[in-house]
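Results of the structural survey
The chain contents come next:
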Amino acid sequence: MADSVPELGHVAGGGFQVFSVDAECIKQRVDEVLQWVDSLEHKLKEVEEFYSSVGVSNSGSIVKDTEKGRHVVGIRKIQQEAARREAVAAKRMQDLMRQFGTIFRQITQHKCAWPFMHPVNVEGLGLHDYFEVIDKPMDFSTIKNQMEAKDGTGYKHVLQIYADMRLVFENAMNYNEETSDVYSMAKKLLEKFEEKWAHFLPKVQEEEKIREEEDKQAATEALLAKEASHIKTTRELGNEICHANDELEKLMRKVVERCRKITIEEKRNIGLALLKLSPDDLQKVLGIVAQADPSFQPRAEEVSIEMDILDEPTLWRLKFFVKDALDNAMKKKKEEETKTGALNGTQKKGVSNKRNATNKLAERKTKRLRV
């Protein structure tokens, strides 16, 4: 009775068609599982890219930090903490800049400061080459306005003020002759400014050290949170992959139930067809057999495939695979023959020699196969 059951996709009397609603449902479910597998591969790639970016040496950091008693927080919590730290750091910097204001007032109140209080009157003084020598003009009034700005356009770091203060003096010394009064006043003020800055610098360095430690801590927490997220994703991926395998097994059983048993003649034909396969296709056949039989050694020098001990799903897979492989080979051969027909005699000979050489190389690479 089993032999009377039609093959999947065939009906008695010949002709190819999808039989019954059941077959269409199986096909639809297979498409769904394939889409599911594609999404799992995408998630897996993201996890692999993450661990590749952090490096092998950082693997297991979640476990290590948990053992140390560190708490791995979520991404949102880390973002909130980063915003809080940034606000506190900005407040500390504002305090530093206010303290720097004392140095600024002392320098600007010096008797030598008057030439630098306002922008240089280039046109009024007829300094036609000023902008050819000076790339970025700077003066004390411009610095003061930046320090007092309330619209977010002011200085963000005390080092920015320091740089502009130096620029005032450097511009004056670059443009004016060393023998000029302006040059002498700029040089004198620069020396006084650097003396005061040297006493103030330890505070700036301390702030930089605090910021560096905070940035390092924030980066570590962000990495731990992301790693925790990927560990969760990996665990979920493992469960989903098992789920997908179960679904494929069920579908395969359904298909086999609706397929008649492979006959002895078909087994013999499959065995003969295997000998006609290309080396690449033959490797795929060995992979199919290995999936069904864990003890099968596809990489052995001499491989033996016992058709009689293979289960029905594997036999059907082999039958369909061999048919498709030979059909594709025949189609490719016809295409090559069509192209060859357009070549002249010399070209034909060259193509033939190349094909023979390729075939001989393939024969050397092909395993000894006994069916």
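In case you missed it, the structure is sitting above this.
Let me begin by describing the structure that accompanies this report. (Residues numbered from 1 in each chain as written. Predicted model: local features only at pLDDT ≥ 70, side-chain atom pairs only at ≥ 80, totals over all residues. Heavy atoms only, no water.)

It is worth spelling out the overall build of the protein at this point. Of the regular secondary structure elements, the protein holds 11 helices and two strands. The secondary structure elements of the protein, listed N-terminal to C-terminal, are α-α-α-α-α-α-α-α-α-β-α-α-β. Burial status across the protein gives 29% buried among its 371 residues. A fraction of 76% describes how many contacts in the protein between residues 6 or more apart in sequence connect residues 24 or more apart. Put simply, the protein shows about 25300 Å² of open surface, and 53% of that area lies on carbon and sulfur atoms. (Helix = DSSP H or I, 4+ residues; strand = E, 2+ residues; numbered from the N terminus. Buried < 20%, exposed > 50% of the residue type's maximum accessible area, 1.4 Å probe, protein only. Contact = heavy atoms within 4.5 Å. Areas by Shrake-Rupley, 256 points an atom, 1.4 Å probe, with all protein chains shown as cover.)

This next bit is on the packing of aromatic side chains. Tallied over the entire structure, the rule returns 14 aromatic pairs. Taking the centre distance of 6.2 Å and the plane angle of 85 degrees together, the rings of F100 and F193 count as edge-to-face. With a gap of 93 residues between them, F100 in helix α3 (residues 75-108) and F193 in helix α7 (residues 181-257) connect regions that are remote in the sequence. For F193, a relative accessible area of 0% puts it in the buried group. Judged by centre distance (6.1 Å) and plane angle (85 degrees), the rings of F116 and F169 are edge-to-face. Taken together, the residues F116 in the loop between α3 and α4 (130-133) and F169 in helix α6 (residues 158-175) connect sequence positions 53 residues apart. F169 carries the same exposure label as F116, and that label is buried. (Phe/Tyr/Trp six-rings, centres within 6.5 Å; stacked < 30°, edge-to-face > 60°.)

Below, the discussion takes up the pattern of salt bridges. This model, assessed by the stated rule, comprises 11 salt bridges. Of the charged contacts, one joins K144 and E148 as a salt bridge, the two residues approaching to 2.8 Å between their closest N and O atoms. With K144 and E148 both in helix α5 (residues 140-148) and four residues apart, this pair spans about one turn of that helix. The class of E148 is partly exposed, set by a relative accessible area of 43%. The partner of E170 in a salt bridge is R166, with the nearest N and O atoms 2.8 Å apart. Residue E170 and its partner R166 are located together in helix α6, separated by four residues, close to a single helical turn. Accessibility expressed as a relative area gives 28% for E170, which makes it partly exposed. What you see here is one network of salt bridges that share partners, running through R92, E207, R211 and E214. (Salt bridge = Lys/Arg side-chain N within 4 Å of Asp/Glu carboxyl O.)

In this section: the nonpolar core. General note: in soluble globular proteins, nonpolar side chains tend to be found buried as a group. Counting 32 residues, the largest nonpolar core has F100, F140, I143, M165 and F169 as its most contacted members. Those elements giving two or more residues to this core turn out to be α3, α5, α6 and α7. Ranked by size, the runner-up nonpolar core spans 19 residues in total, among them F296, V303, L318 and V322. (Core = buried A, V, L, I, M, F, W, Y, C linked by side-chain atoms within 4.5 Å.)

As a further point, take a negative patch on the surface. Together, E208, E212, E213 and D215 line one region of the surface with negative charge. Within the secondary structure, E213 sits in helix α7. (Patch = residues over 30% accessible without salt bridge, like charges linked within 9 Å, V, L, I, M, F, W, Y side chains within 5 Å. Lys, Arg positive; Asp, Glu negative; His and termini not counted. Charge placed at Lys NZ, Arg CZ, Asp CG, Glu CD.)

Moving on, we get to a positive patch on the surface. Side chains of K111, K188, K192 and K196 sit close together on the surface and give a patch of like positive charge. With respect to the helices and strands, K192 occurs in helix α7.

On to α6. Under the 1.5 Å per step criterion, the end-to-end length of α6 is 26 Å for 18 residues, consistent within 8% with the ideal 26 Å. What α6 keeps buried is the set V158, I161, Y162, D164, M165, L167, V168, F169, N171, A172 and M173. (Expected span 1.5 Å × (residues − 1).)

For L286, the location among the structural elements is in helix α9 (residues 279-292). On the basis of relative accessible area, L286 is assigned to the buried category, the value being 2%.

Attention now goes to the side chain of D281. Following the sequence through the fold, D281 ends up in helix α9. Of the side chains with opposite charge, K284 comes closest to the buried, unpaired D281, at an N-O distance of 4.2 Å. When neighbours within four sequence positions are excluded, D281 is seen to be in contact with F321 and A325.

Here the focus is the packing of helix α8 (residues 264-274) against helix α10 (residues 312-341). Two elements in contact, α8 and α10, have axes separated by 10 Å at closest approach and are oriented at 45 degrees. Considering the angle they form, α8 stands oblique to α10. Along this stretch, α8 crosses α10, giving a crossing that reads as left-handed. Contacts between α8 and α10 involve E266, K267, I270, A273 and L274 from the former and L315, L318, K319, V322 and L326 from the latter. Broken down by class, the residue content of the contact of α8 with α10 amounts to seven nonpolar, no polar and three charged. (Axes fitted to C-alpha atoms, helices over the stretch in contact; angles between N-to-C directions. Parallel < 35°, antiparallel > 145°, perpendicular 65-115°, else oblique. Left-handed = near helix turned anticlockwise from the far one by under 90°. Nonpolar A, V, L, I, M, F, W, Y, C, P; charged D, E, K, R; others polar.)

Bringing the side chain of H157 into the picture now. Structurally, H157 can be placed in the loop between α5 and α6. A polar contact of 3.0 Å, which involves the side chain of H157, links it to the backbone nitrogen of L159. (Polar contact = N/O pair within 3.5 Å; in protein donor to acceptor, adjacent residues only side chain to side chain.)

The subject of this paragraph is the packing of α9 against α10. Contact pair α9 / α10: the axes reach a minimum separation of 10 Å and the direction vectors enclose 170 degrees. With respect to their mutual orientation, α9 and α10 come out roughly antiparallel. Contacts between α9 and α10 involve D281, K284, V285, I288, V289, Q291 and A292 from the former and T314, R317, L318, F321 and A325 from the latter. For the contact of α9 with α10, the residue count by class is seven nonpolar, two polar and three charged.

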